[in-house]
Amino acid sequence: MSYLKETFLGIFNNLLYLTKMSKITKRYIFVIAILLALFSVYNYFIYTSEAYTATAALSPQAVKGQELWQENNCWSCHQLYGLGGYLGPDLTNVYSHPDKGPVYINAFLNSGVKSMPKFQFSENEKAAIIEYLRMVDETGYYPNFDASIENSGWVTLKYKNGR
Amino acid sequence: MADKRSLYFLIFALSALLAGIIFGLTASLQYVYPELLKEYTPFTKLRPFHVTSVISWIVLAATGSIYFFLTQVENLKLFTPRLLGVHFFLFLLTGIGIYISYALGYMEGREYFAFAPVFVIPVLIGWVLFGINYFGTLRKKVRNWPVYYWMWGTGIVFMVYHISEAHLWLFDYFKIHFVKDMSVQWKSYGSFTGSWNMLVYGISIFVMSKIKKDSQLATSKIAFFFYFLGLTNLMFGWAHHTYFLPTQPWIRYVAYAVSMTEWVVLGSIIYNWRRSLPKVDRMNHPMATRFMMSADIWIFLNLILALLFSIPAINFFTHGTHVTVAHSMGTTIGINTTILLSALMFIIGKANAAFTTQQWLIKRGLQLFNVSLFLFWCALLMAGIKKSYWMYGIRQGIFSEMQDGLTMVYGAISFFGLILVISLCMIVIPLCKGFVQTVRLGRT
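Quick caveat, the model's predicted, so the values are computed rather than measured.

Rules used in this analysis
- Residues numbered from 1 in each chain as written.
- Chains lettered and ligands numbered in written order.
- Predicted model: local features only at pLDDT ≥ 70, side-chain atom pairs only at ≥ 80, totals over all residues.
- Heavy atoms only, no water.
- Helix = DSSP H or I, 4+ residues; strand = E, 2+ residues; numbered from the N terminus.
- Polar contact = N/O pair within 3.5 Å; in protein donor to acceptor, adjacent residues only side chain to side chain.
- Contact = heavy atoms within 4.5 Å.
- Buried area = accessible area lost by both parts, 1.4 Å probe.
- Salt bridge = Lys/Arg side-chain N within 4 Å of Asp/Glu carboxyl O.
- Nonpolar A, V, L, I, M, F, W, Y, C, P; charged D, E, K, R; others polar.
- Core = buried A, V, L, I, M, F, W, Y, C linked by side-chain atoms within 4.5 Å.
- Buried < 20%, exposed > 50% of the residue type's maximum accessible area, 1.4 Å probe, protein only.
- Domains from an automatic or database assignment.
- Phe/Tyr/Trp six-rings, centres within 6.5 Å; stacked < 30°, edge-to-face > 60°.
- Lys NZ or Arg CZ within 6 Å of the ring centre and 35° of its normal.
- Patch = residues over 30% accessible without salt bridge, like charges linked within 9 Å, V, L, I, M, F, W, Y side chains within 5 Å.
- Areas by Shrake-Rupley, 256 points an atom, 1.4 Å probe, with all protein chains shown as cover.

So, on to the side chain of lysine 160 of chain A. Residue and element names in this part refer to chain A. Inspection of the secondary structure puts lysine 160 in the segment after strand 4 (155-156). A distance of 2.9 Å separates a polar side-chain atom of lysine 160 from the backbone oxygen of aspartate 137. Apart from the residues lying within four places of it in its own chain, the contact partners of lysine 160 are Thr53, Asn93, Ser96, Asp137, Glu138, Gly140 and Tyr141.

Turning to the interface of chain A and chain B, a few remarks are in order. Across the boundary between the two partners, chain A contributes 77 residues, which contact 88 residues of chain B. For the pairing of chain A and chain B, the buried interface totals around 7,500 Å² over both sides, and the portion due to carbon and sulfur atoms is 66%. Among the residues of chain A in contact with chain B, Tyr47, Tyr86 and Trp154 of chain A are the three that bury the most area, contributing 11% of the side total. For lysine 180 of chain B, the salt bridge goes to glutamate 50 of chain A, with nearest N and O atoms at 3.5 Å. In this assembly, chain A and chain B are joined by 30 residue pairs in polar contact (both at pLDDT 80 or more). Mapped onto the side of chain A that touches chain B, the elements with two or more residues apiece are helix 1 (2-18), helix 2 (23-48), helix 3 (60-71), strand 1 (79-80), strand 2 (83-84) and helix 5 (123-139) of chain A. No other element matches the 16 residues that helix 2 of chain A contributes to the side of chain A that touches chain B. Here the residues of the side of chain A that touches chain B sort into 44 nonpolar, 27 polar and six charged.

Once that is clear, we can look at the nonpolar core. Within the largest apolar cluster, 204 residues are counted, with the highest numbers of intra-cluster contacts made by Trp57 and Phe69 of chain B. Looking at which element gives the most residues to this core, the answer is helix 2 (residues 43-73) of chain B, with 17 residues. When we break this core down by domain, the ones giving at least three residues each are domain 1 (2-48) and domain 2 (60-139) of chain A. Ignoring sequence-local partners within four residues, the contact set of tryptophan 57 of chain B consists of Ala13, Leu14, Ala16, Leu17, Thr337, Leu340, Leu341 and Leu344 of chain B.

For chain A, the assigned domains are domain 1 (2-48) and domain 2 (60-139). When each unit is reduced to the centre of its C-alpha atoms, the spacing between domain 1 of chain A and domain 2 of chain A is 45 Å.

Inspection of the entire model under this criterion finds 10 salt bridges over all chains. In this structure, the salt-bridge partner of arginine 134 of chain A is glutamate 131 of chain A, at a minimum N-O distance of 2.9 Å. Of this pair, arginine 134 of chain A and glutamate 131 of chain A both sit in helix 5, three residues apart, which is roughly one turn of that helix. Looking at arginine 134 of chain A, the relative accessible area reads 24%, which means it is partly exposed. Classification of glutamate 131 of chain A as buried rests on a relative accessible area of 14%. A salt bridge links lysine 187 of chain B to glutamate 165 of chain B, with the nearest nitrogen and oxygen atoms 2.9 Å apart. Highlighted residues: lysine 187 of chain B in helix 7 (residues 178-211) and glutamate 165 of chain B in helix 5 (residues 147-165), separated in sequence by 22 residues. Judged by relative accessible area, which is 3%, glutamate 165 of chain B ranks as buried. Overlapping salt bridges bring together Glu131, Arg134 and Glu138 of chain A as one network.

What the rule picks out here adds up to 71 aromatic pairs over all chains. Centroid distance phenylalanine 39 of chain A to phenylalanine 236 of chain B: 6.1 Å. Interplanar angle 80°. Geometry classified as edge-to-face. With phenylalanine 39 of chain A in helix 2 and phenylalanine 236 of chain B in helix 9 (residues 221-236), the pair connects residues from two separate chains. A single burial state applies to phenylalanine 39 of chain A and to phenylalanine 236 of chain B, both of which are buried. Between the aromatic rings of phenylalanine 113 of chain B and tyrosine 189 of chain B, the centroid separation amounts to 6.1 Å while the plane-to-plane angle is 55°, which identifies the pairing as tilted. In this pair, phenylalanine 113 of chain B sits in the loop between helix 3 (81-103) and helix 4 (120-138) while tyrosine 189 of chain B sits in helix 7, placing the two residues 76 residues apart along the sequence. Overall, the relative accessible area of 1% leaves tyrosine 189 of chain B in the buried class. One residue, lysine 180 of chain B, lies across the ring of tyrosine 173 of chain B, its end atom 3.9 Å from the ring centre. Sitting above the plane of the phenylalanine 174 of chain B ring, lysine 180 of chain B keeps its charged end 5.7 Å from the centroid.

What follows is about a nonpolar patch on the surface. Taken together, Leu93, Ile96, Ile100, Leu104 and Tyr106 of chain B make up a surface patch of nonpolar side chains, about 540 Å² in accessible area. Along the polypeptide, isoleucine 100 of chain B turns up in helix 3.

Cis geometry is found at the peptide bond from tyrosine 142 of chain A to proline 143 of chain A, where omega equals -10°. Mapping proline 143 of chain A onto the fold places it in the loop between helix 5 and strand 3 (148-149). For asparagine 75 of chain B, which is not glycine, the phi torsion reads 50° and is therefore positive. With respect to the helices and strands, asparagine 75 of chain B occurs in the loop between helix 2 and helix 3. Classification of asparagine 75 of chain B by relative accessible area gives exposed; the value is 60%. The residue asparagine 144 of chain B is not glycine, and still its phi comes out positive at about 45°.

This is how it looks when you write it as structure tokens:
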């Protein structure tokens, strides 16, 4: 208990102390305060903004697939949008790939090909993972082969869903 | 006595480093022999073991160094010495808990924090305790803080924020929106790295200003200018991870603009090099200085790499390839680890006069370290370039053919990785022994 009291007193004293700081210290705190204000606004927009293209929220089945993806560490070997491990291929668009798609994925999951572990998913679980990959696929392209690279160093992406 | 407890953190950190590099080396073999080891040492476990251990090395070594500097170098009285002990045991127990849970296969988290989310609670509590002790200690006692005090304070506060942010996926509001979820996840990782860099770069300024006995290094306007630049990048410069996610384009514009400010850092490094280098052997802490000078080279190389791939047009080709890995290995090993080892050399020089940092093993270890890390780094770049060619030159080629084509390069990566592990052992084992001895001597 005395710990808690000490801590609270400490925080209070700190605030009091702010008023007695030197000029230069106050100036630094001012700069940090501005940065923090900008950071708050920025975070607000990031946390509340949706994807640039119209994408559906994950369905309950896809959420289950996402959880299986996460708990089985698929991310340690596979990437989505190029993010993840490099031992296996990127799976962003495996669902809509002309030679792959749901049946192919279904066959792959419990096969244990190459370094991929031999999973023992039930049919339901496989369906959930496939649904997740389907919804990920809908959000866009990776690699974004049709993006255009501009002289400014900027890259304009090609989007799915009309943009 | 609170004194020795900062050394416990360092011993703990060095052990995590040793474990972490062995896990990393074992994991890398899986790239060379995909099927050979998969039954016994599953990659899905090795990777979390590796990542958690090496990140722990960085943050624990930074934490221990900061406690040591405050209490033993600046001779400040800790706000509550007992909190230091609580902090240490909390992290120790959490670390053991995470290891056990990994071994049992509980890895419900994500990339950087693969452990079950409950473990984040003691981790956050530990950082908050550190923060209370830190600010409580410096409050009132120090006027006109040198820049490293600002940096450490910033690092601690942002650690708490970004570790929490990395767990926002626990809320459906984030989780069910794939694009938002991914961008918040990678935002938090970028800034989490930025937060530990605040701790580590602060340590490097502290050590250099003590070795050179030049307080200007930490109080000048330039020092503060770079601190604010670093803070701006920590906050807004993370989005090069997510240039290709269909996020709102303004997020990427901001990131592109902010990250280009780092050219100033590059300029200043080159400018400063034109001034003469210090005469190492005549310095108080020659070994610490040597490690710091290696870090300089690694900062230079990795900054160029980072600046280049912060340009979206270049990132387009390097993203999702081992170029990214080269950068993360170059920064965490080349920069963070060398700076922290430098700090540890400095600390052991102060804490244990009997320990010779200039010993053969450590000197040769550092040379071997630099050479092997450079080759390791180049091999990763090479793998990245080849993969990029496969992605954009060949397009839609067969993945396993690309991987098979890279076998030689992966072999090189593992081989240089092995030499790197050996060189680190040459440095870390004597150092760790030295610290254990120091703690024992202090007891009697």
